[in-house]
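As a plain string of letters, each chain reads:
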Amino acid sequence: MNWKEELTKFFKEHEEEGIELLKELVSKNTVNPPGNEYLVADVLKKYFDELKIPYETFEKTPKRTNLIAKVGEGHPVLFVPCHADVVPVNPDWDHDPFTVKIENGTAYGRGVGDDKGPMVSAFLLAKFLKQHEGEFKGTFLFASVADEEVGSTDGLVWLTETGKIKADYAVVPDTGSGIFKLSYGEKGLLRFQYTFRGKAGHAAYPDHGVNSIWPAVAFLNSVKESYTEKIGFLKEKDQPNFSPTTFTVSGLEAGSAYNIIPKECKVRMDIRYTPQRNLEEIKAWTDSLAKAACEQYPGTSFTVEMPDHMVAFEIDPEGKLCKAAMKATKDLTGKDAVLFGMNGTTVCKQLLAAGIPSLGYSQDDDGSAHQTGEHIKLSEIPLFGIALGLLFAELAD
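This section reports on the structure supplied with the text.

### Quick look at helix H8 (residues 320–333)
Part 1 of the argument: The end-to-end C-alpha distance of H8, which contains 14 residues, comes to 20 Å, matching closely the 20 Å that a straight helix rising 1.5 Å per residue would cover.
Part 2 of the argument: Along H8, the positions that sit buried rather than exposed are Leu321, Cys322, Ala324, Ala325, Ala328, Thr329 and Leu332. For H8, the buried positions fall inside an angular range of 165° around the axis, keeping them on one side.
Part 3 of the argument: Looking at the buried residues of H8, the elements they touch are helix H1 (3–13), strand E7 (169–172), strand E8 (181–186), strand E16 (338–342), strand E17 (358–360) and helix H10 (380–396).
Part 4 of the argument: Phi turns positive one or two residues past the end of H8, at glycine 334, with a value near 80°.

Following this line, the structure appears as structure tokens:
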């Protein structure tokens with residue numbers, strides 16, 4: 001089979017079907033919380049029943065439905081999880097965000113790029129593969145998963161922990177960067193809260209208390225000294241394809257009244273670190289800064305909490321998955337794709353923890369995900385669908 005020729009023909013013939021499916025999926029309000037991803041699963045079940053594509057559904061929590069459909073047999077097994085939930089909407093949309101508006105070849109609506117547009121591409125590819133079942137080797141697993149926008153505890157975290165996903169590779173269509181930028185790695189996510197403590201007292205008598213704000217200020221000044229000329233970016237040795245580690249002060253809380261010396265001052269921070277760094281090294285550094293700050297102000301101390309941590313990763317850029325994606329883009333467009341490391345996080349982390357090599361490869365949403373006016377060009381549906389099909393064929397070759 002000439003994959004490029006057949007895929008191009010199929011996606012052209014099913015262009016209107018893809019647009020109608022996108023409209024139907026976006027019309028289902030799956031804002032998380034509460035999610036209600038069963039609404040999307042119900043739409044997909046109808047289509048998969050018509051196509052006689054087998055599927056299973058899984059729920060950790062009622063109405064938080066995960067659906068996995070299967071086409072083909074044997075290895076390699078490619079798992080493509082698209083998330084059904086979307087982020088909340090602001091009131092400043094110029095139309096109902098759960099109704100797709102199409103202008104000049106661009107679709108606008110909540111979730112069109114993140115992640116229901118990619119879901120349409122993956123669904124159409126599953127339909128194509130079903131029509132050609134027996135003409136290729138390998139298994140394509142389409143998934144509509146829950147709860148990606150709020151931690152995936154009802155979605156891929158639970159699915160991987162309970163062993164419900166068996167795959168050789170995964171492509172996560174959730175980067176918003178298009179087929180010319182391949183996310184082969186992600187920064188680690190680390191969140192700390194440092195609580196500096198002193199002694200409460202009357203503000204009229206500052207010598208009767210120990211103000212917890214001052215060691216917090218000293219701590220923050222030390223952090224700032226570690227920045228490059230760009231606030232928030234740490235000075236460090238360059239790592240190919242990754243921007244520098246970021247250290248964002250995201251919260252500061254102290255004091256309950258004008259006339260009370262604050263006993264506690266809390267500093268919250270969000271750190272996105274490159275794969276060359278690790279939790280132990282970063283925590284040792286921030287602890288040393290906090291200790292030095294307290295030493296400047298006798299009578300103060302600190303404690304630290306770590307509410308979130310996800311490790312950084314990068315897969316082999318010369319491995320079969322990266323090479324298959326690079327070749328798919330090149331064969332389809334004649335242009336080379338580039339590798340990059342994401343600042344944010346996707347479910348690639350959970351899949352890698354389950355031993356499944358994973359790559360971010362998706363439609364281009366023009367950076368509009370989560371924003372008012374979220375949009376994609378309709379041409380992204382066939383472009384990504386065909387590229388994903390070529391990637392699958394390359395893995396199976």
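### Quick word on the pairing of strand E1 (residues 55–59)
Part 1 of the argument: For E1 and strand E2 (residues 65–73), the ladder comprises five bridges, and the chain directions are antiparallel. If you follow threonine 57 over to E2, its bridge partner there is leucine 67.
Part 2 of the argument: Counting the residues that bridge the hairpin from E1 to E2 gives five residues, and of these lysine 63 lies at a positive phi of roughly 75°.

### Points about the packing of aromatic side chains
Part 1 of the argument: Applying the stated criterion to the full structure yields 20 aromatic pairs.
Part 2 of the argument: Seen in terms of ring centroids, phenylalanine 10 and phenylalanine 128 are 5.4 Å apart; in terms of plane orientation they differ by 70°. Their pairing is edge-to-face. Here phenylalanine 10 is found in helix H1, whereas its partner phenylalanine 128 is found in helix H4 (residues 112–131), with 118 residues between them in sequence. The same class applies to phenylalanine 10 and to phenylalanine 128, which are both buried.
Part 3 of the argument: Summarising the aromatic geometry, the rings of phenylalanine 48 and tyrosine 55 are spaced 6.3 Å apart at their centres and angled 40° between planes, so their arrangement reads as tilted.
Part 4 of the argument: Residue class for phenylalanine 48 comes out buried when judged on its relative accessible area of 0%.
Part 5 of the argument: Residue tyrosine 55 is classed as partly exposed on the basis of its relative accessible area of 26%.

### Here's the deal with the layout of surface pockets
Part 1 of the argument: The computed volume of the largest pocket comes to approximately 540 Å³.
Part 2 of the argument: Looking at the largest pocket, it is lined by 26 residues, and the ones nearest its centre are Glu148, Glu149, Gly344, Thr345 and Thr346.
Part 3 of the argument: Taken together, the residues of the lining of the largest pocket sort by class into six nonpolar, 11 polar and nine charged.

### So, the nonpolar core
Part 1 of the argument: Counting 86 residues, the largest nonpolar core has Phe79, Phe140, Phe142, Tyr361 and Leu391 as its most contacted members.
Part 2 of the argument: Contact partners of phenylalanine 142, with chain neighbours within four places excluded, come to Leu44, Phe48, Leu67, Ile68, Ala69, Val80, Met119, Ala122 and Phe123.
Part 3 of the argument: If you look at the next biggest cluster of nonpolar residues, it comprises 23 residues, including Val223, Tyr227, Ala290 and Ala312.

### Regarding the packing of helix H2 (residues 15–26) against H4
Part 1 of the argument: In the contact formed by H2 and H4, the axes pass within 10 Å of each other and the chain directions differ by 135°. Considering their axes alone, H2 and H4 lie oblique with respect to each other. Judged by the sense of rotation from one axis to the other, the crossing of H2 with H4 is right-handed. Within the contact between the two elements, H2 uses Glu17, Gly18, Leu21, Leu22, Leu25 and Val26 and H4 uses Val112, Lys116, Gly117, Met119, Val120, Phe123, Leu124 and Lys127.
Part 2 of the argument: Split by residue class, the contact of H2 with H4 holds nine nonpolar, two polar and three charged.

### Overview of the sheet that holds strand E4 (residues 101–103)
Part 1 of the argument: Strand order in the open sheet made by the three strands is E4-E5-E18, with antiparallel pairing throughout. Every other strand in the sheet has two partners, leaving E4 and strand E18 (375–377) as the edge strands with one partner each. With direction set aside, neighbouring strand axes in the sheet form an average angle of 25°.
Part 2 of the argument: Examined bridge by bridge, strand E5 (residues 106–108) and E18 share three bridges and lie antiparallel to one another. Its bridge partner lying in E18, alanine 107 is registered against isoleucine 376.

Procedures and definitions
Residues numbered from 1 in each chain as written. Predicted model: local features only at pLDDT ≥ 70, side-chain atom pairs only at ≥ 80, totals over all residues. Heavy atoms only, no water. Helix = DSSP H or I, 4+ residues; strand = E, 2+ residues; numbered from the N terminus. Expected span 1.5 Å × (residues − 1). Buried < 20%, exposed > 50% of the residue type's maximum accessible area, 1.4 Å probe, protein only. Arc of directions from axis to C-beta. Contact = heavy atoms within 4.5 Å. Pairing = 2+ DSSP bridges. Phe/Tyr/Trp six-rings, centres within 6.5 Å; stacked < 30°, edge-to-face > 60°. 1 Å grid on protein atoms, 1.4 Å probe; cavity = no way out; pocket = protein on both sides within 12 Å on 5 of 7 lines; lining within 4 Å. Points joined across faces, edges and corners; volume = space filled by probe spheres on them. Nonpolar A, V, L, I, M, F, W, Y, C, P; charged D, E, K, R; others polar. Core = buried A, V, L, I, M, F, W, Y, C linked by side-chain atoms within 4.5 Å. Axes fitted to C-alpha atoms, helices over the stretch in contact; angles between N-to-C directions. Parallel < 35°, antiparallel > 145°, perpendicular 65-115°, else oblique. Left-handed = near helix turned anticlockwise from the far one by under 90°.

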